[in-house]
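Fold and contact review
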Amino acid sequence: MSLFHWLLFILIVQIIHGLGTWKLYEKAGRKRWEAFVPVYNSIVLMKIINRPTWWTILLFIPIINLIMFPVVWVETLRSFGKNTTTDTLLGIFTCGLYIYYINYTQEVKYIADRSLVAKTKTGDTVSSLLFAIVVATLVHTYVMQPYTIPTSSLEKSLLIGDFLFVSKFHYGARTPMTIVAAPMVHDTLPLVKTKSYLSWPQLPYFRFPGFEKPQKNEIVVFNWPADTVYKFFDTSGRSILKPVDKKSNYVKRCQGTPGDSLQIKNGTVYINGKELILPERAKPQFGYAVTYDMNNTDIDFEYLLNQVGSTDGGGFKSETRDTLFLRALTKEGAATLRTVTGIKSVTQIVSKQGESNIFTHNPNWNGDNFGPIYIPEAGKTVALNLQTLPFYKRIISVYEKHDLKVVGNDIYVDDKKVTTYTFQQNYYWMMGDNRHNSEDSRYWGYVPENHIVGKPVFIWMSWDSNGKGINKIRWDRLFTTVNGEGQPQSYFKYFLFLLALYFVGDYFWKKKKASKV
């Protein structure tokens, strides 16, 4: 929906509200026209139901308003003496239209001084629960979101089983585009395993101002642009078209920012012709071929793989008579292997053949040798012809929603013949550190700015499914920062100290308070 359509939709909603409540406004001592004025009618309604004026803001925050609307409907009914369970259920399950019936057919009296305190324990519990859901949804949507690492694409920097807190405010919180959705879940409802949202209506993309933009080498959470899977890790082959903010969450390292020229040579990333130097805590991994002496039978490869840091359950994908192929090994791990007696050679695997599934389907490109490629910047204009079209086709037709046609050698955008194109938003290039085990921008291309979710700030829990007992928790990773210079540092002991300080202080405060009674 465009901005115009949204304004029209809001206007219609205001008219519907006014038609269904104007008599009730008059009974509460207000003017009938006050029921029709957008925003102002909500402020007046808060006064009528004796609720804080700031509740008006909650009515216009996507997702939060889905919780607040039923509350306001019930509060309105109770302000006019409709307190029964039947009234409450009719108000909720008719989406507030029961108020129309009250407005036009019932002689009701406005109760100006009604008590706002719940009369039953159940009512008090429900009120507290709703308040908690509203606060949690606000934090989840606009401040900080929990996230779990499901794959090994950033292995060593982030491990499978890491639980992150992802900041929404660093890059600027993005307002939900999908406005009819269950709070605090992504695309699937727990337990019932069904879709948690309605694809229509959709809000236009909007992002609050942030403190920074995604930078090169930062780890970023974003919505997977190419996502059509019914559910993450679902192997049934089912597919579904999802709204942007309901696409699967991915986490990768940003390797290119708007305006950059990116190229990959033998697995090394170059930005604007210069090698991109990764931060100290990054641990890029590649596939390696390891040849060894068959006569040296005392080599314990399982032990060696644990020492050098190979992953994927032992680290090998296939083995010949004297060669082991490792899926993921750091350069430091490769150097360690070379010092082991019996190891003849450790050679990084660099693909020279083209890959059919590579972005733009260039027959000469692959995951190790790729580009150069331009990363689009908002407001910049590029030449558009049959040679450059594969780079920008998805941007034009999918991300920026233009009608794109090719007739012979001519390109038409929105039925106009063009030879250039100007980008409407910024784009980024995301890759995993586990280079030969990462589905990333090399295969599905640019990440639009409107797909950016947030910046991981720290790991609050790390769970090793292969560990036993208390060792299932990776204690050294608790409360460690994700981005930044130097090696990760755990702040878990500081957290425990502050927690202990809180409980000790709370104990003495309550004791002191009790002694004064």
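For the structure itself, look to the data block above.
Heads up: these notes are all about the structure in this document. These numbers were taken from a predicted model, which means no experiment stands behind them. (Residues numbered from 1 in each chain as written. Predicted model: local features only at pLDDT ≥ 70, side-chain atom pairs only at ≥ 80, totals over all residues. Heavy atoms only, no water.)

**Some details on helix α4 (residues 64–79)**
Between the first and last C-alpha of α4 there are 22 Å, a value that for 16 residues agrees with the 22 Å anticipated at 1.5 Å per step. Judged by how many residues are buried, α4 sits mostly within the fold: 12 of 16 residues are covered. Among the residues of α4, I64, N65, I67, M68, V71, V72, W73, V74, E75, T76, L77 and S79 are the ones counted as buried. For α4, the elements touching its buried residues are α1 (3–27), α2 (40–48), α3 (55–58), α5 (85–93), α6 (98–105) and α7 (121–142). (Helix = DSSP H or I, 4+ residues; strand = E, 2+ residues; numbered from the N terminus. Expected span 1.5 Å × (residues − 1). Buried < 20%, exposed > 50% of the residue type's maximum accessible area, 1.4 Å probe, protein only. Contact = heavy atoms within 4.5 Å.)

**A short note on the pattern of salt bridges**
Taken as a whole and assessed by the stated rule, the structure comprises 19 salt bridges. Two residues, R474 and D162, come together in a salt bridge whose shortest N-O distance is 3.8 Å. Placement of the pair is R474 in the loop between β20 (452–462) and β21 (480–481) and D162 in strand β2 (residues 162–167), with a sequence separation of 312 residues. The exposure class of D162 is buried, given its relative accessible area of 0%. Between K216 and D260 there is a salt bridge whose closest N-O contact spans 2.9 Å. Placement of the pair is K216 in the loop between β2 and β3 (219–223) and D260 in the loop between β4 (249–256) and β5 (261–265), with a sequence separation of 44 residues. On the basis of relative accessible area, K216 is assigned to the partly exposed category, the value being 31%. Each of the salt bridges in this network shares a partner with another, and the network as a whole consists of D162, D464, R474 and R477. (Salt bridge = Lys/Arg side-chain N within 4 Å of Asp/Glu carboxyl O.)

**Here's the deal with the layout of surface pockets**
For the largest pocket, the calculated volume is near 1500 Å³. Around the largest pocket, the lining comprises 41 residues; the ones closest to its centre are F9, V13, L59, N65 and F69. Of all elements in the fold, only α1, α2, α4 and α6 reach the threshold of two or more residues within the lining of the largest pocket. In terms of residue count, the dominant contributor to the lining of the largest pocket is α1 (11 residues). (1 Å grid on protein atoms, 1.4 Å probe; cavity = no way out; pocket = protein on both sides within 12 Å on 5 of 7 lines; lining within 4 Å. Points joined across faces, edges and corners; volume = space filled by probe spheres on them.)

**What to know about the packing of α4 against α5**
Orientation of α4 relative to α5, taken along the N-to-C sense of each, is 140°, at an axis distance of 9 Å. Taken together, α4 and α5 sit at an angle that is classed as oblique. Both α4 and α5 take part in a crossing whose hand is right-handed. Between α4, through P70, W73, V74, L77 and R78, and α5, the contact on the second element is made entirely by D87, T88, G91 and I92. (Axes fitted to C-alpha atoms, helices over the stretch in contact; angles between N-to-C directions. Parallel < 35°, antiparallel > 145°, perpendicular 65-115°, else oblique. Left-handed = near helix turned anticlockwise from the far one by under 90°.)

**Regarding the sheet that holds strand β16 (residues 416–418)**
Taken in spatial order, the 3 strands make up an open sheet running β14-β15-β16, and their pairing is antiparallel. Taken across any chain shown, the strands that pair with only one partner, and hence form the sheet edges, are β14 (404–407) and β16. Taking the axes of each pair of neighbouring strands and ignoring which way they run, one obtains an average angle of 35° across the sheet. Sitting on the sheet, helix α10 (residues 389–399) touches β14 and β15 (410–413), and the angle it makes with β14 is about 140°. (Pairing = 2+ DSSP bridges.)

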